[in-house]
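For reference, the chains in residue letters:
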Amino acid sequence: MAKIQFSRGIDEEVVPDVRLTRSRDGSNGKATFYFENPKALSQDSTENITGMYMIDEEGEISTREVKAKFINGKPSALEAIYAMKSPDQWDRFMRFMERYAEQNGLGFKKA
C-alpha cells in the first residue's frame, strides 16, 4: 500500500499533480508535487505539517521541502519538492510512484 502523509500517521487523501525532471546523465532528478485543497490544510486538521512522507512496502522516502500556497490569506494548496541525488534514489522513487499511481489511477505523460 503506497501512501503520502504530511503528518505521521495521517494519510493524505488528495491525489497530487506530479512533475518529474531528470538530468541528461541520469545522476539526479526532482519531483514536484502539487496538492490542491489537501486534507492536511483542512480546518478539521489539528496536526502540524512536518514534511512529506512517501510510504510503501519498501519503507519511507521523505522531504522537508513543503510549502503552502495561500489565496486571500487562506491556505489552498501544498507544494512539495523531492530531490534525488543518485540513480538509486531515482529508481527507488519510481518504484514508489508506480505503486502510488496504480493505486490512485494516475497516468504518465512525457513532455
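Residues numbered from 1 in each chain as written. Predicted model: local features only at pLDDT ≥ 70, side-chain atom pairs only at ≥ 80, totals over all residues. Heavy atoms only, no water.

**Notes on the overall build of the protein**
For the protein, the count of helices and strands is one helix and eight strands. Relative to a compact globule of 111 residues, whose C-alpha radius of gyration would be 13 Å, the protein shows 14 Å and is just as compact. Taken over the C-alpha atoms alone, the protein extends approximately 45 × 30 × 25 Å along its principal axes. Taking all 111 residues of the protein together, the buried fraction comes to 35%. Long-range contacts, defined here as pairs at least 24 residues apart, represent 62% of the contacts in the protein between residues at least 6 apart. Approximately 7,200 Å² of the protein is accessible, and the part contributed by carbon and sulfur atoms is 47%. (Helix = DSSP H or I, 4+ residues; strand = E, 2+ residues; numbered from the N terminus. Rg over C-alpha atoms; globule rule 2.2 N^0.38 Å. Buried < 20%, exposed > 50% of the residue type's maximum accessible area, 1.4 Å probe, protein only. Contact = heavy atoms within 4.5 Å. Areas by Shrake-Rupley, 256 points an atom, 1.4 Å probe, with all protein chains shown as cover.)

**Looking at the side chain of Arg 92**
Looking at where Arg 92 falls in the secondary structure, it is placed in helix H1 (residues 87-104). Its relative accessible area of 14% is what places Arg 92 among the buried residues. Each residue touching Arg 92, except ones within four places of it in the same chain, is listed here: Asp 56, Glu 58, Gly 59, Glu 60, Ile 61 and Arg 99.

**Observations regarding the pairing of strand S1 (residues 3-7)**
Buried residues dominate S1, accounting for four of its five residues. In this structure, S1 lies alongside strand S5 (residues 52-56), joined through three bridges in antiparallel fashion. Counted as the bridge partner of Lys 3 is Ile 55 from S5. Taking the residues between adjacent antiparallel strands as the criterion, S1 and strand S2 (residues 10-11) are bridged by two residues, where Gly 9 takes a positive phi near 90 degrees. (Pairing = 2+ DSSP bridges.)

**Re the pattern of salt bridges**
Taken as a whole and judged by the stated rule, the model has nine salt bridges. A salt bridge links Glu 57 to Arg 99; the shortest N-O distance between them is 2.8 Å. Of this pair, Glu 57 sits in the loop between S5 and strand S6 (59-63) while Arg 99 is found in helix H1, placing the two residues 42 residues apart along the sequence. Note on Arg 99: relative accessible area 24%, which makes it partly exposed. Connected through salt bridges with shared partners, the residues Asp 56, Glu 57, Glu 58, Arg 92, Arg 95 and Arg 99 form a single ionic network. (Salt bridge = Lys/Arg side-chain N within 4 Å of Asp/Glu carboxyl O.)

**Here we look at unusual backbone geometry**
Note: most residues except glycine have negative phi, and most peptide bonds are trans. Phi is positive for Asn 37, which is not a glycine, with a value near 50 degrees. Mapped onto the elements of the fold, Asn 37 is located in the loop between strand S4 (29-36) and S5. With a relative accessible area of 52%, Asn 37 lands in the exposed category. Here Asn 72, not a glycine, exhibits a phi torsion of approximately 55 degrees, which is positive. Secondary-structure assignment places Asn 72 in the loop between strand S7 (66-71) and strand S8 (74-84).

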